[in-house]
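# Summary of the model geometry
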Amino acid sequence: MNEANSQQNSSNFLDINKILAVLRKRKKTIIISTLVCAFLMLFMSVFVISPKYSSSTDILVNRKVDNQVNAQAQLQADVQMISTYKDIITSPTILNAVSTQLKNQGFNMTPANIKSCISISNQQNSQVFTVAVKAKNPQLAAAIANTTANVFKVKVKKIMSVNNVSILSKAEENPKPVSPKVVLNTLIGLIVGCVLGLFLAFIFDSMDRTITDESFITEELELNDLGIINEIPANKVKRMISSKRIASRGTRKRRV
């Protein structure tokens, strides 16, 4: 058992050494792949992807009750109705009116475009929900959010017979874009490039048929090792050739 365990540990150690050897051999591939992917993500984030600006407004919808016994039940009912209010805000009844008012403000937005810009969220057990808008410039984002809130406040009274609708906060222009996130995208590019580089390193190594270890001849190919021919650097070969040429010229001159 001890001998088997030692052989297994030795095999695992050799496998790790092989992996490290491949990484050392193909480190240029890994580095180049990492830098190229990071640069591409940085370039796309700065020059290709259009920046998006965000603005939001908070809306409170509830119904006043006089009976304190039913106040808690009414609160739960109002919370459950928020999902309905979300559907109402993105309905054609609201978005068509929002599109018309935006045109009067100088923004040409179709109902479909407005719907793609809007996202609605709320905290758990809260009667307040947030209308967040992402658009190509901060003025448009704030205009869509405020116009949508105002139109909803007017329309929901007729649709749901709700009179107590409050806009808690007005959307303001935020000059700082929320996307793309340049630093995050660049880090993602670094990670993807590193993983891709590792993958390419092992692929290239598996396709490389160059014999670099004499154990491959004796163990893998089961051939006899007849000897080793040392590799001579190219610059040394050039010096040897040039020295021989000079020597041969000298002998020719002597003969003449």
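Residues numbered from 1 in each chain as written. Predicted model: local features only at pLDDT ≥ 70, side-chain atom pairs only at ≥ 80, totals over all residues. Heavy atoms only, no water.

### Considering the overall build of the chain
- What the chain contains, in helices and strands, is 10 helices and four strands.
- In the chain, the succession of α and β elements from N to C terminus is α-α-β-α-α-α-α-β-β-α-β-α-α-α.
- Split into buried and exposed, the 256 residues of the chain put 25% on the buried side.
- By sequence separation, contacts in the chain at least 24 residues apart represent 76% of the contacts at least 6 residues apart. (Helix = DSSP H or I, 4+ residues; strand = E, 2+ residues; numbered from the N terminus. Buried < 20%, exposed > 50% of the residue type's maximum accessible area, 1.4 Å probe, protein only. Contact = heavy atoms within 4.5 Å.)

### Topic: the packing of aromatic side chains
- Counted according to the given criterion, the structure contains five aromatic pairs.
- Ring centres 6.1 Å apart and planes at 70 degrees place the aromatic pair Y85 and F152 in the edge-to-face group. Separated by 67 residues along the polypeptide, Y85 in helix α4 (residues 82–89) and F152 in helix α7 (residues 138–160) bring together distant segments of the chain.
- The buried category is assigned to F152, whose relative accessible area is 0%.
- On the numbers, 5.9 Å between centres and 85 degrees between planes, the contact of F129 with F152 is edge-to-face. A residue pair is termed long-range when its members are at least 10 positions apart, and F129 in strand β3 (residues 128–135) and F152 in helix α7 qualify at 23 residues. (Phe/Tyr/Trp six-rings, centres within 6.5 Å; stacked < 30°, edge-to-face > 60°.)

### Re the sheet that holds strand β1 (residues 53–61)
- Across the sheet, four strands lie side by side as β2-β3-β1-β4; this open sheet has antiparallel pairing. The open sheet has two edge strands, β2 (118–122) and β4 (165–169), and neither has a second partner. The sheet shows a mean angle of 30 degrees between the axes of neighbouring strands, direction not considered.
- Sheet topology places β2 next to β3; five bridges connect them, and they run antiparallel. Bridge pairing in β3 places I120 opposite V131.
- Against the sheet, α7 touches β1, β2, β3 and β4, its axis set at about 15 degrees to β1. (Pairing = 2+ DSSP bridges. Axes fitted to C-alpha atoms, helices over the stretch in contact; angles between N-to-C directions.)

### Regarding helix α2 (residues 27–48)
- With 22 residues, α2 ought to run about 32 Å at 1.5 Å a step, and its terminal C-alpha atoms sit 30 Å apart, in line with that.
- Those residues of α2 that sit buried are I30, S33, T34, C37, A38 and S45. Each buried residue of α2 sits inside an arc of 120 degrees when the element is viewed along its axis, so together they form one side. Pointing more than 90 degrees away from the buried face of α2 are the exposed residues K28, I32, L35, F39 and F47. (Expected span 1.5 Å × (residues − 1). Arc of directions from axis to C-beta.)

### Considerations on the environment of F43
- Secondary-structure assignment places F43 in helix α2.
- Using a relative accessible area of 39% as the deciding quantity, one classes F43 as partly exposed.

### So, the nonpolar core
- Core analysis: the biggest nonpolar cluster contains 32 residues, and Y85, F129 and F152 have the highest contact counts within it.
- Broken down by secondary-structure element, the contributors of at least two residues to this core are β1, α4, α5 (92–104), α6 (111–117), β2, β3 and α7.
- Here this core takes nine residues from α7, the largest share from any one element.
- In this structure F129 touches T57, D58, I59, V61, I82, Y85, I89, I120, S121, N122 and F152, once residues within four positions along its chain are discounted. (Core = buried A, V, L, I, M, F, W, Y, C linked by side-chain atoms within 4.5 Å.)

### Regarding the packing of α4 against α7
- Between α4 and α7, the least distance of the axes is 10 Å, while the angle of their chain directions is 115 degrees. Judged by the angle between their axes, α4 and α7 are roughly perpendicular. Our pair here, α4 against α7, has a crossing hand that is right-handed. For the pair α4 and α7, contact is made by T84, Y85, I88 and I89 and by T148, F152, V156, I159 and M160, respectively.
- Taken together, the residues of the contact of α4 with α7 break down into seven nonpolar, two polar and no charged. (Parallel < 35°, antiparallel > 145°, perpendicular 65-115°, else oblique. Left-handed = near helix turned anticlockwise from the far one by under 90°. Nonpolar A, V, L, I, M, F, W, Y, C, P; charged D, E, K, R; others polar.)

### Some thoughts on the pattern of salt bridges
- One pass over the full model with this rule turns up one salt bridge.
- The salt bridge involving D205 is made with K25; its shortest N-O contact spans 3.8 Å. Remark: K25 occurs in helix α1 (residues 2–25) and D205 occurs in helix α8 (residues 182–207); sequence separation between them is 180 residues.
- Accessibility expressed as a relative area gives 43% for K25, which makes it partly exposed. (Salt bridge = Lys/Arg side-chain N within 4 Å of Asp/Glu carboxyl O.)

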